[in-house]
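Results of the structural survey
The lines below spell out each chain.
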Amino acid sequence: MLKLSLRSFGARKLRVALTLIAVALGVALISGTYILTDTINKSFDNIFTTASKGVDVSITPRDAIDDATQDGTAVSTIPASFLREVERQPGVAKAVGTIDTSNVALFKENGDRIGGGGGAPTQLSSDTPAPFSAVTYEEGRAPTGMGEMAVLEQTAESEDLKIGDTLKVVGAGPQTELKLVGIGKFGGVSSIGGFTLIITSLEQAQELADQHDSFSSILVAGDENVTPAELRDELRRLQPPTPVNVRTGQQQADQNTADIREALGFLTTALLVFAGIALFVGAFIIFNTFSITVAQRMREFALLRTLGASRRQVMGQVIFEGLLIGLIGSVLGLLLGLVLAPGLRGLFKAIGADLPSEGTVVEPRTIIVSLVVGTLVTLLSGLAPAIRATRVPPVAALREGAVIPHGRGARFITPGGAILAVLGVAALAAGLFGGAGIELVGLGAGLVFIGIALLSPKLVPPLAGSIGRMFPGVVGQLARENSVRQPGRTAVTASALVVGVTLVAFVSIFAQGLKATIAEAVDTAARPGSLIVQNSALGFPLPSAVATGLEQVDGVTSVSSVRFSVSRVDGVGRTAVTSVSPTLPDVFDTQWDQGDNALLRDLGRDTAVITKSWSDSHDVKVGDELALTTPTGEHLRLRVTGITDDNSGVFAPITVSNELAEQAFGERQDAIVFAGTNPADEAAVKARVDQLLEQQFPIAEALTVQEFKDQQSGQVNQILALFYVLLSLSVIVSLFGIVNTLVLSIYERTRELGMLRAIGTSRRQVRRMIRYEAVITALIGATIGIVMGLVFGIAVTIALEDEGLVLSIPVAQLIVLLILGGLAGVLAAVAPARRASRLNVLESLAYE
Amino acid sequence: MTNAAIVSATDLVRRYGEGEAAVTALDGVTVSFAQGEYAAIMGPSGSGKSTLMHCLAGLDRPTSGSVVVDDVELAGLDDKRLTALRRDKIGFIFQAFNLLPVLTAEENILLPLSIAGRKPDRDWYDQLIETVGLRDRLTHRPSELSGGQQQRVAVARALVSRPAVVFADEPTGNLDSKSSADVLELLRTSVDQLGQTVIMVTHDQDAADVADRIVTLTDGRIVEDRRTQPAVV
């Protein structure tokens, strides 16, 4: 039996190959994802371990709430007095304070920004003496005193910097010119991921970060007869003025690694979802291929049955072949993943997420999951055809045209499909509208797909008829009828394409809605003539000096700034907080549920406004009191004076005044600054603002409302492009499915094709016929996919209406999608069509 | 000499369809075949000869009546036991497509034993190969053999498990006269020298004349059942 399987493979090499690819691509995405994220984790692990090599104990500030700031550093810092206390402890050989901040920007002398712009962040770190520093200098030396800085080799190379160059650094303090005195390596490596590292002396760093009496961390080295753990315990007994974490160097490195791992976990999950989609599509392909193969080998199976092979032996054959294909395909996929991982990394780099990945890490888990999942999916997909194979009656060996009788379950396919689809819709509705969670949405979507797939044979005849009508003549008619001949087979092939198209359509609709929502919200909120000033490294804050500077510009009628923070409400959770300046209503027209713009002027230190959705979900009304804990550990009681109903995205659930934010939340920096102008003068005033920013605040950029909308649109488009690329893998798999089905159906119709040629059909006409069949199949899939995408898109939009999501259908994009579907069919048909046209007439007619 | 009946049918009826459109392929056939017999079943198209063979071989279930093969009543046997019967007691030769194209001649011949998980009886196997005359063709695939050679491989396969009875459905239908003669002679030899029983369906009178007995059907009934003239040596 084993021999039979292997020999059968040899006879069907092409078909086996196409099925293998279907498995391999899905598995490749799984293994590629794991390899990539494992590699990134390991790289970060190495970086952190290197950084903490000479450190016996690391003391870092502890915020009351984690991740309170936009740039990830703690809001709190450690007062310098504590350093002196640490130094006095017995067992401490050396202790230094450090300044570390990513709220910096680096510019060349000519004003060009180095790094930033949404890519890997720029980091300023104060130089530390041995044994703490991991930086060694190939060229130059470490910076000392004021006016000096160093960078790593990677930065110097890519930006063409030399010792002696003048560079400009902007931090929380004013812009400063520094001379490049050293180009170094970090732990022997020329860069840390894509980070741009600026190293200066401690005094210079304090000046740049405007942080003179406190440190970002304290590093301690103990003397010889004290272990790091003992030193840590000793230092823990001290009473620091602000809460701190005291860890050994290794513990700190482990903590950092764990933080990164958690952050990356989201990425891994997201990528695995795409892998799951690709495998889901692959399952359709495998099912289809096996079904067709079983049908073709009917006589062979019948023969085996007449020779006394039991049903189980026949099924065992098919299952064994499934196992073999699954294993081989999975191994291929695993290897392919090695190639895919760097590709994925490049993809993320292109949208600005430049993560370090030295070497390639293949964990045992990756190998096991890839092999098991790939094989399992293949086996499950091949199960139904395998069972079908057992129903071949032995007498089929004697007669031509014998058919495999339908199993008992065949009657239930259509109603079963309908039921599954309805169940799926119900699950989707529960997930979207009932708040039952995103897993239910995913499950619902999967059920709907399978349900539609089961129903699709019924859809094939009408769809093929109407789509195929565009093809002229006898050839077109033949193509239409061939597509309808075995609606089950056409349907399954088309269904594979449906998955990919639905997702592309849905994502397009969702993104379009998102863009429309943002545009509408911005248009409603921002008053005409308003300029929006933000950090050109999106997501990072601006020093408050920017707002002050803008006030002086001629023609600016009003300046208002907005800040972001977090809080704990009633001691639990993380609730985002916005703070605004009293001048906000001058430039920003907020929509209110209860209250008006005047409330924002009077927020003071004891009131807040909340958003409508937060008010509804937490049952808080005007007049109620909120008990908040801030990141610096302060406890506040604020009275709610109003409820906003605004979709601009500026307002977090709770809004307070900037004054309060600075005083109680420790938030000293602005996220966005609005500058109002008279619309008539807008252009001129903007020119002056640009000049100011260029001269004094090069990290900031000023945008008109239109430019801002375009920028946001651009960001959505970037993510959309990422989705398209990841989904394209699934689409490619389904294209292989179309090719596979075509090849198989041509093989089956050999005699028929021979007959057509014998009666005078030209080669070209045969090619056209095959091509039309492919296009019909592809377009059936694309049509169903677009319709489903529309349904999902509309459903999700309605569900999110409360959040302000607007429905906007990108009609042009959907039409392009449909056309691409047709083109995909043409592409898939190229090789099979050529094969069909080249069949030798006589041989085909004699084909048994 | 009357040997024990190896295959017998009693009042075999096979009807297809219902009511007005019903077709009666077999209309009460009673016949039995003795061990060591070479019988031919003849009849025009639609006479029911193929149907009779299908019922006798357990490939089809009669509407009514009973079939006994080697003392085993076929009616009421479940698929599992029917399968076992096919494996151990019945050999088949078809008109065409007898062999699996991916296996060699030898592998095809041994296929029934592989399915049963048994090893061939070496002496029997060698004798069979000699009788069939395919010693130099054993490693060839069906595509490398002529039609006649393929059928001889099929005969060897049918005989390898020493079945109680061999059913042949138009075994020479696709062959030229020389190959036909070879195959028929082979079947004859298997009966005369190897002690097998062969029941062959054919429409070819020359083929039928090689057998010991000809049973003729028309319209689902036996109309003639005679001994053939012994071959004149």
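Everything below is about the structure shown above.
Predicted model, so just to flag it, every value in this text is computed and none were measured.

Criteria and thresholds
Residues numbered from 1 in each chain as written. Chains lettered and ligands numbered in written order. Predicted model: local features only at pLDDT ≥ 70, side-chain atom pairs only at ≥ 80, totals over all residues. Heavy atoms only, no water. Buried < 20%, exposed > 50% of the residue type's maximum accessible area, 1.4 Å probe, protein only. Helix = DSSP H or I, 4+ residues; strand = E, 2+ residues; numbered from the N terminus. Pairing = 2+ DSSP bridges. Contact = heavy atoms within 4.5 Å. Buried area = accessible area lost by both parts, 1.4 Å probe. Salt bridge = Lys/Arg side-chain N within 4 Å of Asp/Glu carboxyl O. Phe/Tyr/Trp six-rings, centres within 6.5 Å; stacked < 30°, edge-to-face > 60°.

Moving on, we come to the pairing of strand β9 (residues 213–218) of chain B. Residue and element names in this part refer to chain B. With five of six residues buried, β9 is to be regarded as a mostly interior element. Alignment of strand β3 (residues 38–42) against β9, held across four bridges, turns out to be parallel. Note that in β9 the partner of Met42 across the bridge is Thr216. Bridge analysis of β9 against strand β10 (residues 221–227) gives six bridges, and the strand direction is antiparallel. Considered in β10, the bridge of Val215 is made with Asp225. If you look at the hairpin formed by β9 and β10, you'll find two residues sitting between the two strands, and Asp219 has a positive phi there, around 50°.

Moving on, we get to unusual backbone geometry. Residue and element names in this part refer to chain A. Positive phi, normally seen in glycine, also occurs at Asp160, with a value near 60°. Among the secondary structure elements, Asp160 is positioned in the loop between α4 (153–159) and β10 (166–170). For Asp160, a relative accessible area of 60% translates into the label exposed.

A word on the interface of chain B and chain A. At the interface, 22 residues of chain B touch 23 residues of chain A. Around 2,100 Å² of area is buried between chain B and chain A when both sides are counted, 68% of it from carbon and sulfur atoms. The largest contributions to the chain B side of the interface with chain A come from Phe97, Val102 and Ile115 of chain B, which together make up 28% of the buried area. There are two salt bridges connecting chain B and chain A. When the shortest N-O distance is used, the salt bridge between Arg305 of chain A and Asp79 of chain B registers 2.9 Å.

Time to look at the packing of aromatic side chains. Residue and element names in this part refer to chain A. Tallying each qualifying case throughout the model produces 11 aromatic pairs over all chains. Between the aromatic rings of Phe280 and Phe284, the centroid separation amounts to 5.4 Å while the plane-to-plane angle is 90°, which identifies the pairing as edge-to-face. Of this pair, Phe280 and Phe284 both sit in helix α7 (residues 249–296), four residues apart, which is roughly one turn of the helix. Among the aromatic residues, ring-to-ring pairing joins Phe280, Phe284, Phe449 and Phe792 into one connected group.

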